[in-house]
Amino acid sequence: TCGTEDVSEQKQAEVAARLQPYLEPNLRGVHAEAMAVATINVDVYFHVIQKADGTGAVPQQQITDQIAFMNTAFAPNVAFTLIGKTSLSSSPCQKF
């Protein structure tokens, strides 16, 4: 794993409750209407760190599938566009 810890359902609920005020529409009138139809475009760069022997490499299809998943999950308000991918191979003396 990359060091990402599992988050309990309780912690997820706490974070969601804290974020909720920011998700509520605060604009009124013309600005609110514009925001309601606007799509936020997010440029995405994937940086893949793998071992020198290729262990940990991420296939292009997996990245493409992840962008598609995010676009489905956040539609219609947010659209993700894959701009680039970099890969870094680590030597045995490097620790990640």
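Residues numbered from 1 in each chain as written. Predicted model: local features only at pLDDT ≥ 70, side-chain atom pairs only at ≥ 80, totals over all residues. Heavy atoms only, no water.

**As for the pairing of strand E1 (residues 40-51)**
By the bridge criterion, 12 bridges tie E1 to strand E2 (residues 78-90) in an arrangement that is parallel. Residue pairing in the sheet places Asp43 in a bridge with Thr81 of E2. For the crossover that starts at E1, traverses helix H3 (residues 60-74) and ends in the parallel E2, the hand is right-handed. (Pairing = 2+ DSSP bridges. Helix = DSSP H or I, 4+ residues; strand = E, 2+ residues; numbered from the N terminus. Right-handed = clockwise from strand over helix to strand, strands pointing away.)

**Things to note about H3**
Between its first and last C-alpha, H3 extends 21 Å over 15 residues, near the 21 Å set by a 1.5 Å rise per residue. By the burial criterion, the buried members of H3 are Ile63, Ile67 and Met70. Seen along its axis, H3 keeps its buried residues to an arc of 65°; they face one direction. Exposed and facing more than 90 degrees away from the buried side of H3 are Gln61, Phe69 and Thr72. If you follow the buried residues of H3, they end up packed against E1 and E2. (Expected span 1.5 Å × (residues − 1). Buried < 20%, exposed > 50% of the residue type's maximum accessible area, 1.4 Å probe, protein only. Arc of directions from axis to C-beta. Contact = heavy atoms within 4.5 Å.)

**Observations concerning the packing of aromatic side chains**
Counted by the stated rule, this structure contains 1 aromatic pair. Measuring from centroid to centroid gives 5.5 Å for Phe74 and Phe80, while their planes differ by 70°, and the two rings are edge-to-face. What makes Phe80 buried here is its relative accessible area of 14%. (Phe/Tyr/Trp six-rings, centres within 6.5 Å; stacked < 30°, edge-to-face > 60°.)

**Some words on the environment of Phe74**
For Phe74, the location among the structural elements is in helix H3. Owing to a relative accessible area of 45%, Phe74 belongs among the partly exposed residues under this scheme. Residues Phe74 and Ile40 lie 34 residues apart in sequence; the distance between their C-alpha atoms is 9.9 Å.

**Some points on the confidence of the model for the chain**
Across the chain, the average pLDDT comes to 81, with 72% of residues at 70 or higher. In the model of the chain, helix H2 (residues 29-37) stands out as the element of lowest mean pLDDT, 59, in contrast to H3, which has the highest, 94. (pLDDT = per-residue confidence, 0-100.)

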